[in-house]
Amino acid sequence: MIIRQLSLHNFRSYSDAQFYLAEGLNVVVGPNGIGKTNIVEAICYLSRLKSFRGAPTANLIAKGTQSAVIRAIGERQGREVLIEAEISSGRSKVLVNKQVLKRTKDLLGALQVTVFAPDDLMLIKEGPSGRREYLDDLALALDPNLEPTFSSLDRTLKQRNSLLKQISYKPDEGELATLDVWDKRFAETGEKVVALRRSLVADLVPLINQAYQRLTTTDQVVGLAYQQSWDGELFEAVQKARELDIRRKVTTQGPHRDELLITLNGFESRNEASQGEQRSLALSLKVAAHQLLFQRLGEPPLLLLDDVLSELDDDRAVGLLNNLPKGQTLITSATEIPNLVVPDNVITEFDSLSEADHG
Amino acid sequence: MSAYAKPVEVLIDELGRLPGVGPKSAQRIAFHLLKVDAVDTQRLADALQDMKRLVTFCDRCFNIAEDTAKGVKDREVIDLTLGDSDTSLVPGSAGKVLCSICTDSNRDSKVICVVEEPKDVQAIERTGGYKGLYHVLLGVINPLDGVGPEQLKIKELAHRVAAEDIQEVVLCTNPNLEGETTSAFIASKVLAPFGVKVTRLASGLPVGGDLEYADEITLGKALEGRLTMS
């Protein structure tokens with residue numbers, strides 16, 4: 001879906017504002033604190049019903065008002081689509097073409113977005129949980145029906161850990177039998193999730209290399225390797241580690257301990273790549289996910305790049321912006337974009353109150 | 001700090017502990033009861049007490065059952081004869097309380113349907129299609145709530161399968177993570193040694209529904225469990 005027009009009402013810093021977007025590259029330029037990221041956040045909310053910055057819903061509503069409204073008029077396959085979200089401290093609701101959605105799940109897929117924000121550098125720099133989440137989120141965006149698989153794994157793990165905490169050091173037969181049943185379920189769902197992640201990794205390898213090489217105009221090779229934290233069948237591994245699990249009172253084997261190793265020319269990126277390389281890698285991961293969504297869903301998601309240029313030198317900025325995946329992109333920047341890039345639309349006006357409201 | 005007389009305060013607090021009753025509703029019920037005749041509140045009080053006194057769990061299947069031994073006696077009499085053995089009153093039951101289903105000789109005593117709660121018995125009874133007996137677990141395996149097999153009536157199920165002539169056990173726990181796990185536990189850890197036939201309730205489409213409105217997971221399950229027509 002392409003967004004043509006975005007209206008914000010009592011959303012963060014905007015009391016009433018309208019923005020017109022073009023199909024290709026939209027650039028939002030303005031000084032710090034003027035509300036550029038709020039635009040990204042609003043679009044993202046229409047897709048995920050939550051802030052990409054992890055902000056509580058209450059923070060999205062302008063101070064001193066009761067509710068915020070985000071309205072996007074867009075186009076999908078030549079037909080107009082209207083998505084409206086009303087955010088209030090009580091129940092928020094979403095309407096697609098004036099129809100209230102019963103389940104938030106129904107919204108998934110109406111508007112797909114890929115967001116890149118400076119914080120995403122943590123994908124490379126921090127521990128493995130962010131990288132697992134990157135894969136799982138991508139799997140869900142590709143197929144929302146997988147949601148029960150992921151939530152079931154999560155809950156099984158919680159149940160098993162809770163059981164381990166209740167078990168004494170010398171467990172009786174009944175406790176062990178119960179553990180057996182949870183082991184089996186955990187292994188079944190766990191293997192499923194690992195298979196999903198592995199197939200995603202295989203699909204991402206060529207895409208991330210392409211993205212990274214275009215961005216950096218180098219021929220450095222990015223390696224993605226899914227590192228399973230156990231050997232052989234998960235069920236056997238869990239059973240073998242039982243004593244350890246009981247002693248530590250936590251599940252030591254499983255997909256929740258796996259790692260997605262990212263290398264650059266064979267060197268581990270987390271510790272050995274430079275800051276600039278890490279930034280480019282994080283960005284390439286997002287662009288690769290974006291490409292994969294495009295390939296599979298047949299429609300490019302809206303690409304939202306929040307304040308990425310400040311971290312790239314001019315060459316890389318040009319490399320990024322001139323090799324953008326097809327589709328609609330919105331990029332925010334505190335500085336003018338490089339001359340070699342020709343945007344389709346530039347937004348520099350953030351003043352509230354549209355003419356209709358003066359009327 | 002209390003705005004009302006103590007007894008009213010106490011009643012509001014007690015009512016507020018009931019499921020689905022908030023402070024506002026508790027207050028409304030309490031003031032309603034304050035207005036009505038003493039006879040009406042007495043009837044309610046009696047109903048509550050009788051339920052606790054006369055209704056108990058079936059000693060065999062743990063469904064709710066009426067303790068007829070107590071029911072036949074007058075309230076005063078039972079107070080006087082407290083400690084008296086109940087066995088003399090119902091010959092043959094050896095002091096056991098059985099539910100109406102367990103005592104029904106028309107039921108097929110070779111099949112046991114295992115459910116989580118007594119209300120699930122009612123749900124299956126409403127189908128009218130099941131003629132066997134029940135076994136109520138009174139919960140599911142749920143470590144997060146501190147419930148393991150020992151807290152459930154699983155041992156009792158094993159005893160029944162060992163002692164009675166049972167040919168089939170139908171596992172009818174809810175189709176969620178905890179329900180499935182409980183069923184898996186019973187099938188693989190409890191009933192396997194007996195060699196009894198163990199079946200699981202099928203998952204599928206609601207009758208009279210439309211395919212297009214079915215959620216993907218239910219539809220997927222229904223597809224997995226499709227039936228041969230010819």
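See the structure shown above.
What this report covers is the structure whose coordinates are included nearby. Every value quoted in this text rests on a predicted model; they were computed, and no experiment measured them. (Residues numbered from 1 in each chain as written. Chains lettered and ligands numbered in written order. Predicted model: local features only at pLDDT ≥ 70, side-chain atom pairs only at ≥ 80, totals over all residues. Heavy atoms only, no water.)

### Structural notes on the interface of chain A and chain B
Between chain A and chain B, the residue contacts involve 19 residues of the former and 17 residues of the latter. With both sides pooled, the region where chain A packs onto chain B buries about 1,500 Å², and carbon together with sulfur makes up 64% of that total. On inspection of chain A and its partner chain B, the count reaches 2 salt bridges. Here Arg155(A) ties to Glu178(B) by a salt bridge, and the two come within 2.6 Å at their closest N and O atoms. Our count for the contact surface shared by chain A and chain B stands at 9 residue pairs in polar contact (both at pLDDT 80 or more). Those elements that provide at least two residues to the side of chain A that touches chain B are α5 (147–166) and α6 (173–216) of chain A. (Contact = heavy atoms within 4.5 Å. Buried area = accessible area lost by both parts, 1.4 Å probe. Salt bridge = Lys/Arg side-chain N within 4 Å of Asp/Glu carboxyl O. Polar contact = N/O pair within 3.5 Å; in protein donor to acceptor, adjacent residues only side chain to side chain. Helix = DSSP H or I, 4+ residues; strand = E, 2+ residues; numbered from the N terminus.)

### What to know about the sheet that holds strand β2 (residues 14–20) of chain A
Residue and element names in this part refer to chain A. As summarised here, the arrangement of the 6 strands in space is β2-β1-β4-β5-β6-β7, forming an open sheet in which the pairing is antiparallel. Every other strand in the sheet has two partners, leaving β2 and β7 (99–100) as the edge strands with one partner each. Sheet topology note: the strand β5 (residues 79–88)/strand β6 (residues 93–96) ladder contains 4 bridges and is antiparallel. Bridge assignment links Ala 85 to a residue of β6, and that residue is Val 94. (Pairing = 2+ DSSP bridges.)

### Considering the pairing of β2(A)
For a regular strand, side chains alternate in direction, first toward one face of the sheet and then toward the other. All names here are of chain A. Note that strand β1 (residues 2–11) and β2 share 6 bridges and pair antiparallel. In the sheet register, His 9 faces β2, and the bridge partner there is Asp 16. As consecutive antiparallel partners, β1 and β2 are separated by 2 residues, and within that stretch Arg 12 has a phi angle of approximately 50°, a positive value.

### Notes on the sheet that holds strand β5 (residues 168–171) of chain B
Residue and element names in this part refer to chain B. Judged by pairing direction, the sheet is parallel, and its 4 strands sit side by side in the order β4-β3-β5-β6 without closing on themselves. Here the strands that pair on one side only, and so sit at the sheet edges, are β4 (132–136) and β6 (197–200). In this sheet, neighbouring strand axes are inclined to one another by 25° on average, regardless of whether the strands run parallel or antiparallel. Summarising the sheet, strand β3 (residues 108–115) and β5 pair through 4 bridges and their orientation is parallel. Its bridge partner being in β5, Ile 112 is matched across the sheet by Val 169. Strands in contact with helix α6 (residues 118–127) are β3 and β4; relative to β4, the strand with the most contacts, it is inclined by about 155°. (Axes fitted to C-alpha atoms, helices over the stretch in contact; angles between N-to-C directions.)

### Re the side chain of His290(A)
Here His290(A) shows up in helix α10 (residues 275–297). Judged by relative accessible area, which is 1%, His290(A) ranks as buried. (Buried < 20%, exposed > 50% of the residue type's maximum accessible area, 1.4 Å probe, protein only.)

### A short note on the packing of aromatic side chains
Residues and elements named next belong to chain A. Taken as a whole and assessed by the stated rule, the structure comprises 3 aromatic pairs over all chains. Pairing Tyr 14 with Phe 19 gives two aromatic rings, centres 5.6 Å apart and planes at 85°, and the pair type is edge-to-face. Accessibility expressed as a relative area gives 1% for Tyr 14, which makes it buried. A residue is classified by how much of its surface remains accessible, and Phe 19, at 3% relative accessible area, is buried. (Phe/Tyr/Trp six-rings, centres within 6.5 Å; stacked < 30°, edge-to-face > 60°.)

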